[in-house]
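A structural walkthrough
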Amino acid sequence: MDSKITAYLTQKIRVINKTLEALLPKASTKPPTLHRAMRYSLFAGGKRIRPLLCLAACEACGGKESEALPTAAALECIHTYSLIHDDLPCMDDDDFRRGRPTAHKAFGEGIAVLAGDALLTLAFEILAQVRPTRRYPLSALLFELAHAAGSHKLIAGQVADLEGEGQKLSRSELRFIHRGKTAALITASLRSGAMVANASPAKLKALTTFGENLGLAFQIVDDILDITQTREQLGKSAGKDLDAQKLTYPAVIGFEASKHEAARLTRAALKALAAFKQKEKTTLEMLARFLLCRQS
Ligand code: GRG
C-alpha cells in the first residue's frame, strides 16, 4: 500500500473512531453487558470502508467533514449490526470476526442479538439528529439508510443467500444477492455523504452508479480474499466459502474471471465519476483503487 493512502486512512479512521466513541453509550451505562457487547464488536478494528466512502462523497460534493461524521458513524453501526447477526449460529455460524471471537462467542447469543438490534436502532437515533440541507430533508436521509438496510436490499440479499445455499445459482441470482448484501449499503454510504453536502442531482446520480459498481467489485474481492488469504490476514474465517458451498463469484464464474470482473467493475465505477472535476474526485478514485488491491 502506498504511503499516501496509508496516511489518509490512518487519519480518517482516527476521526471516525473518535466520532463513534462519542456517540456510543459508555460501557458502564446500564445495562453494561449490552453496551460492552456493542462496543466490543464496533471497536474491534473494522476497516471503516462505509464511513470512509461517506466522508469522501461529502468532500467530493463540497461538504464539510464535520457534517458527514454522524452519518458516517450511523453507517458503521448498521454495518456492525449486520456482521453480528450474520455470524450467529442460525445464520453463517462464525466464531471469528475482526480479529477476535464473534459477539455471540464472547457474550452469548441473546446479548449478541440484542447488541445488533441496539446498534441498528442507535444508527437511526444518530441520523435523526443530522441537520437537513436545502435539497435533502431529514426524511430523505432516513429513507436512504432504512431502505438500504431493509427487506428490499441488505436483508433481501441475506434471505436469498440463506435460501440459495447448496443450490446452483445463475450469475444474475448471484448478482441479486450481492447487490443487496454488499452494494446497497456501500451505495447508501456514498449517497448519504452527498446528501449531507447538498449535492446536485447529477452528482448524486453519478455517485449511485459509482457505488453500485464499486459495491459489487468489493464483494468479488472479498470472495477472492476468502480463498487466497489466511484467517490471521483477514481477521475473520477464511476458506469457509468453499467449505460451506457458499454462493461466490469464484464458484460461479471462476477465479480468473472473478479478478477480471472486479477490475472491470472498478473501471466502470471510476468512469461514472465524470460528473466531477479532477480535484473533487481524487479521494474517491484513490479509495476505489485501494479497495480493488486490498489484502484484507
Ligand atoms: C444479518 C441482516 C443481516 C445481514 C447480513 C452484511 C451481511 C448481511 C453479512 C456479512 C457477511 C458478508 C460476506 C457480507 C457482505 C459484505 C461484506 C463483504 C462485509 C464485510 O465488510 P468489511 O470487509 O468488514 O468492510 P470490516 O470488518 O472491515 O468492517
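Here is a short report on the structure shown in this document. (Residues numbered from 1 in each chain as written. Predicted model: local features only at pLDDT ≥ 70, side-chain atom pairs only at ≥ 80, totals over all residues. Heavy atoms only, no water.)

**Some points on the overall build of the protein**
Of the regular secondary structure elements, the protein holds 15 helices and 2 strands. In terms of overall size, the protein behaves like a compact globule, its C-alpha atoms giving a radius of gyration of 18 Å where 296 residues would be expected to give roughly 19 Å. Across its three principal directions, the C-alpha atoms of the protein cover 50 × 45 × 40 Å. Looking at the protein residue by residue over its 296 residues, the buried ones come to 53%. If you take every contact in the protein between residues at least 6 apart in sequence, the share linking residues at least 24 apart comes to 73%. About 13,400 Å² of surface is accessible on the protein, with carbon and sulfur atoms providing 56% of the total. Positive and negative side-chain charges of the protein, numbering 41 and 31 respectively, have mean locations separated by a distance of 9 Å. (Helix = DSSP H or I, 4+ residues; strand = E, 2+ residues; numbered from the N terminus. Rg over C-alpha atoms; globule rule 2.2 N^0.38 Å. Buried < 20%, exposed > 50% of the residue type's maximum accessible area, 1.4 Å probe, protein only. Contact = heavy atoms within 4.5 Å. Areas by Shrake-Rupley, 256 points an atom, 1.4 Å probe, with all protein chains shown as cover. Lys, Arg positive; Asp, Glu negative; His and termini not counted. Charge placed at Lys NZ, Arg CZ, Asp CG, Glu CD.)

**Things to note about the environment of Ala 197**
If you trace the backbone, Ala 197 turns up in the loop between helix H9 (171-196) and helix H10 (201-228). On the basis of relative accessibility, which here comes to 12%, the residue Ala 197 falls in the buried class. Separated by 62 residues in sequence, Ala 197 and Arg 135 have C-alpha atoms that sit 9.5 Å apart. Other than its neighbours up to four places away in sequence, Ala 197 contacts Cys 58, Cys 61 and Gly 63.

**What to know about the site of the ligand**
Close to the ligand lie 19 residues; Lys 47, Arg 50, His 79, Ser 82 and Arg 98 are nearest. Residue Lys 47 places a side-chain N or O atom 2.6 Å away from an oxygen atom belonging to the ligand. Between the ligand and His 79 there is a distance of 2.8 Å, counted from an oxygen atom to a side-chain nitrogen or oxygen. Surface burial for the ligand is 92%, taken as the share of its 710 Å² of free accessible area covered by protein chains. (Near = heavy atom within 4 Å. Polar contact = N/O pair within 3.5 Å; in protein donor to acceptor, adjacent residues only side chain to side chain.)

**Some details on the layout of surface pockets**
For the largest pocket, the calculated volume is near 1,000 Å³. Together, 48 residues line the largest pocket, and Leu 83, Asp 86, Arg 97, Asp 222 and Lys 236 are the ones closest to its centre. Where the lining of the largest pocket is concerned, the elements lending two or more residues are helix H3 (49-60), helix H4 (65-87), strand E1 (96-97), helix H8 (154-164), H9, H10, helix H11 (231-234) and helix H12 (240-243). In terms of residue class, the lining of the largest pocket is made up of 12 nonpolar, 15 polar and 21 charged. (1 Å grid on protein atoms, 1.4 Å probe; cavity = no way out; pocket = protein on both sides within 12 Å on 5 of 7 lines; lining within 4 Å. Points joined across faces, edges and corners; volume = space filled by probe spheres on them. Nonpolar A, V, L, I, M, F, W, Y, C, P; charged D, E, K, R; others polar.)

**Looking at the environment of Asp 93**
With respect to the helices and strands, Asp 93 occurs in the loop between H4 and E1. Accessibility expressed as a relative area gives 42% for Asp 93, which makes it partly exposed. Each C-alpha atom of the pair Asp 93 and His 104 lies 9.7 Å from the other, and the pair is 11 residues apart in sequence. Not counting residues up to four positions away in its chain, the partners in contact with Asp 93 are Asp 86, Asp 87, Leu 88 and Lys 240.

**Considerations on the packing of aromatic side chains**
Enumeration over the complete set of coordinates arrives at 1 aromatic pair. When the ring centre of Tyr 40 is taken as reference, the NZ or CZ atom of Arg 100 above it lies at 4.7 Å. Just above the ring of Phe 218 sits the side chain of Arg 294; from NZ or CZ to the centre is 4.0 Å. (Phe/Tyr/Trp six-rings, centres within 6.5 Å; stacked < 30°, edge-to-face > 60°. Lys NZ or Arg CZ within 6 Å of the ring centre and 35° of its normal.)

**A closer look at helix H2 (residues 32-42)**
Along H2, 8 of the 11 residues are buried, which leaves the element largely enclosed by surrounding structure. Along H2, the positions that sit buried rather than exposed are Leu 34, His 35, Ala 37, Met 38, Arg 39, Tyr 40, Ser 41 and Leu 42. On its buried face, H2 sits against helix H1 (3-23), H4, strand E2 (100-101), helix H5 (103-107) and helix H6 (109-127).

**What to know about the nonpolar core**
Soluble, globular proteins show a tendency: their nonpolar side chains are buried together. Grouped together as the largest cluster of nonpolar side chains are 76 residues, with contacts concentrated most on Cys 77, Leu 207 and Phe 210. The greatest single-element share of this core, amounting to 10 residues, is contributed by H4. Filtering out sequence-adjacent residues up to four positions away, Cys 77 remains in contact with Leu 20, Leu 24, Leu 42, Leu 119, Leu 122, Ala 123 and Ile 126. Grouped together as the second largest cluster of nonpolar side chains are 14 residues, Leu 169, Ala 217, Leu 234 and Ala 262 included. (Core = buried A, V, L, I, M, F, W, Y, C linked by side-chain atoms within 4.5 Å.)

**Points about the side chain of Asn 213**
As for its position among the elements, Asn 213 is in helix H10. Since its relative accessible area comes to 15%, Asn 213 is described here as buried. Beyond its immediate chain neighbours, meaning those up to four positions away, Asn 213 contacts Leu 265, Ala 268 and Ala 269.

Keep in mind these numbers describe shape, not what the thing actually does.
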